[in-house]
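Each chain, written out:
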Amino acid sequence: MADTFAPAPSARSDFWRRARRNPNVVIGGSIVALILLASLIGPTLVGIDPNDVDVLGAWAEPGPDHLLGGDALGRDILARLLLGGRVSLLIAASVLAITLTVGTTLGMLAGYLGGWVDSIIMRTVDLVFAFPEIIFAILVASM
């Protein structure tokens, strides 16, 4: 009889339970977590400045000194990859913060004011969504 009064599992716990059972989610999440962790703390663990030029070590093959080798100027490729990952994460977080701020503000304005303000904001958003992203990227890159 006690089981009939047990609370139903929440949607959150159900999501995590199903996610842990799906091998694709576990493997994909582990890879993403590993890349994030490597990008965030990796440059400090490598101990090599990614901008140090060593002309004598140009095109160095992978070995104990350079795990992924060196580039044309002798810079460590692993250190540069980890630094690039950190920069990419910073840019992604910045874009996300800006998008969240602008989208929330416009949505609140459209919902609160309504009427013609809502129509203008919504038609502008429709225009942005209708424009192919690759064309926009080419336009920005050409400018």
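## Thoughts on the packing of aromatic side chains
Now for step 1: With the rule as written, the count across this model stands at 1 aromatic pair.
Now for step 2: Residues Phe15 and Trp16 carry aromatic rings whose centres are separated by 5.1 Å and whose planes lie at 70 degrees to one another, so their mutual orientation is edge-to-face.
Now for step 3: According to the relative accessible area criterion, Phe15 is partly exposed, its value standing at 45%.

## What about a nonpolar patch on the surface?
Now for step 1: On the surface, Phe131, Ile134, Ile135, Phe136, Ile138, Leu139, Val140 and Met143 cluster together to form a nonpolar patch covering roughly 850 Å² of accessible area.
Now for step 2: Mapped onto the fold, Met143 is located in the segment after helix 5 (133–142).
Now for step 3: Classification of Met143 by relative accessible area gives exposed; the value is 80%.

## Section: the side chain of Asp76
Now for step 1: Of note, Asp76 is situated in the loop between helix 2 (23–46) and helix 3 (77–113).
Now for step 2: For the buried Asp76, no salt bridge is present, and the opposite-charge side chain at shortest range is Arg80, 8.9 Å distant.
Now for step 3: The residues touching Asp76, leaving out its near neighbours within four places in the chain, are Val46, Ile48, Asp65, His66, Leu67 and Gly69.

## Brief notes about the packing of helix 2 against helix 3
Now for step 1: Axis separation between helix 2 and helix 3 bottoms out at 8 Å; the angle between their running directions is 135 degrees. Between helix 2 and helix 3, the angle is such that the two are oblique. Every pair of crossing elements has a handedness; the one defined by helix 2 and helix 3 is left-handed. Seen from helix 2, the contacting residues are Leu36, Ala38, Ser39, Leu40, Ile41, Gly42, Pro43 and Val46; seen from helix 3, they are Leu78, Ala79, Leu82, Leu83, Gly85, Arg86 and Leu89.

## Re helix 3
Now for step 1: Taking 1.5 Å per residue, 37 residues should reach 54 Å; helix 3 reaches 53 Å between its end C-alpha atoms and fits that length.
Now for step 2: All of the buried residues along helix 3 are Leu78, Ala79, Leu82, Gly85 and Ala110.
Now for step 3: Buried residues along helix 3 sit against helix 2 and helix 4 (115–130).
Now for step 4: One or two steps after helix 3, the chain reaches Gly114, where phi turns positive at roughly 60 degrees.

## Re the pattern of salt bridges
Now for step 1: Using the criterion set out here, one finds 4 salt bridges in the structure.
Now for step 2: Among the salt bridges present, the one from Arg17 reaches Asp14, with a minimum N-O distance of 2.4 Å. Of this pair, Arg17 and Asp14 both sit in helix 1 (residues 11–21), separated by 3 residues, roughly a single helical turn.
Now for step 3: In this structure Asp14 comes out as partly exposed when scored by relative accessible area, which is 26%.
Now for step 4: What you see here is one network of salt bridges that share partners, running through Asp14, Arg17 and Arg18.

Conventions and cut-offs
Every chain's residues receive numbers from 1 upward, in the order its sequence appears when written. Per-residue local features of the predicted model are confined to residues with pLDDT of at least 70, and side-chain atom pairs are confined, for both listing and counting, to 80 or more; whole-chain, interface and lining totals are unaffected and use all residues. With hydrogens and water set aside, each side-chain value is computed from the structure's full complement of heavy atoms. The pairing test for Phe, Tyr and Trp rings, Trp by its six-membered ring, is centres within 6.5 Å, and the orientation test on the planes gives stacked under 30 degrees, edge-to-face over 60, and tilted for anything in between. Partly exposed residues are those whose accessible area sits between 20% and 50% of the maximum for their type, while under 20% is buried and over 50% is exposed, using a 1.4 Å probe and protein chains only. Patch building starts from residues that exceed 30% relative accessible area and form no salt bridge, then joins like charges within 9 Å and nonpolar side chains (Val, Leu, Ile, Met, Phe, Trp, Tyr) within 5 Å. Residue-level accessible areas treat just the shown protein chains as cover; the underlying method is Shrake-Rupley with a 1.4 Å probe. The rule for a salt bridge is simple: a side-chain nitrogen of Lys or Arg has to be within 4 Å of a carboxyl oxygen of Asp or Glu. The numbering of helices and of strands both runs from the N terminus, where a helix is a DSSP run of H or I of at least 4 residues and a strand a run of E of at least 2. Residues scored as charged are limited to Lys and Arg (positive) and Asp and Glu (negative), so that His and the chain ends carry no count. We call two residues in contact when some of their heavy atoms are within 4.5 Å. For helices, the axis comes from a line fit to the C-alpha atoms of the stretch in contact; other axes are also lines fit to C-alpha atoms, and the angle between any two N-to-C directions lies between 0 and 180 degrees. Angular relationships are summarised with four words: roughly parallel below 35 degrees, roughly antiparallel beyond 145, roughly perpendicular across 65 to 115, and oblique for the angles in between. Take the far helix as the reference: if the near one is turned anticlockwise from it by less than a right angle, the crossing is left-handed, and if turned clockwise, right-handed. Expected span, for any helix, means 1.5 Å times one less than how many residues it has.

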